[in-house]
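An overview of the molecular structure
Residue strings, one per chain:
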Amino acid sequence: MRVSKLSPFQTFFYSGILSCTIAGIAYATTAQATPKAQMYAVGQASGGTIKTYKSQLGFRLDFKAPYTLDTSQEGKGILVLRNPALGPEAVGSDEPTPVNSNVQSQSSPGDKITIVSFDNPQRLSARQWAEQNKTQSFFDGKQSDYRSYSFAGKPAISYSWCGNSNCGDSVIVPSRDGRKIFVLSALYEYPGNAVRWDFKQMVGRFQLTQ
């Protein structure tokens, strides 16, 4: 069953599992063009080679197969990670994704992880920015209270939200100098989709460089 909004029970269940997640994605403000960042393999891990991408936007991120990184909109402040192996038919459930590696994970073709950079000239905190930029943050659609904590060495917030067509888990964090806001999000159609767990692991390897 596809969902556009989580039930109270689902909200309670997933808020305990997702310790660092949530927020919206919209069109980012245009960033100045700089030399293209490079992607390179840095080690091996179960399930594939870990790759590190150092972005011109001011961060670096580790990821591994089956995800691929789309940098075509990096000049606009947007990076997108997708699993190209997802088929055309949506497969979803209201239940958590299986933890048994022998069971196929639940997924939908629209599942993706995004990192969006926004200018923050007033150097607002993560919470202030989310409250003042609700179109980009989906702060009004959050399914429970936000969580405040230290992320990548900076004060950040995370929450789960639902919009008209899909839901998301997001982390909002300022850059080191506070002049930018980064919105990291997992977007999904079903609350049990594996992209939510993949996102939780991936954001733990997110590092600010500026």
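Read on for a plain summary of the structure.

Along helix α4 (residues 195–203), the residues classified as buried are Val195, Arg196, Phe199, Met202 and Val203. Along the long axis of α4, the arc covered by the buried residues comes to 125°, so they all point the same way.

Judged by pairing direction, the sheet is antiparallel, and its seven strands sit side by side in the order β4-β5-β6-β10-β9-β8-β7 without closing on themselves. Taken across any chain shown, the strands that pair with only one partner, and hence form the sheet edges, are β4 (68–70) and β7 (147–151). Neighbour-to-neighbour, the strand axes of this sheet turn through a mean angle of 20°, independent of strand direction. As judged from the eight bridges shared by strand β6 (residues 112–119) and strand β10 (residues 180–188), these two strands associate in the antiparallel manner. The residue of β10 that forms the bridge with Ser117 is Phe182.

A few words on the environment of Phe59. In this structure, Phe59 sits in strand β3 (residues 59–64). Through-space distance from the C-alpha of Phe59 to that of Arg176 is 9.7 Å; in sequence the pair is 117 residues apart. Not counting residues within four places of it along the chain, the set of residues in contact with Phe59 comprises Tyr53, Lys54, Leu79, Ile115, Phe182, Phe206, Gln207, Leu208 and Thr209.

With that settled, consider the nonpolar core. Within the largest apolar cluster, 28 residues are counted, with the highest numbers of intra-cluster contacts made by Phe59, Leu81, Phe151, Phe182, Leu184 and Phe206. Counting residues in hydrophobic clusters, the runner-up holds 16 residues, among them Ile78, Val116, Leu124 and Trp161.

Cut-off values and rules
- Residues numbered from 1 in each chain as written.
- Predicted model: local features only at pLDDT ≥ 70, side-chain atom pairs only at ≥ 80, totals over all residues.
- Heavy atoms only, no water.
- Buried < 20%, exposed > 50% of the residue type's maximum accessible area, 1.4 Å probe, protein only.
- Helix = DSSP H or I, 4+ residues; strand = E, 2+ residues; numbered from the N terminus.
- Arc of directions from axis to C-beta.
- Pairing = 2+ DSSP bridges.
- Axes fitted to C-alpha atoms, helices over the stretch in contact; angles between N-to-C directions.
- Contact = heavy atoms within 4.5 Å.
- Core = buried A, V, L, I, M, F, W, Y, C linked by side-chain atoms within 4.5 Å.

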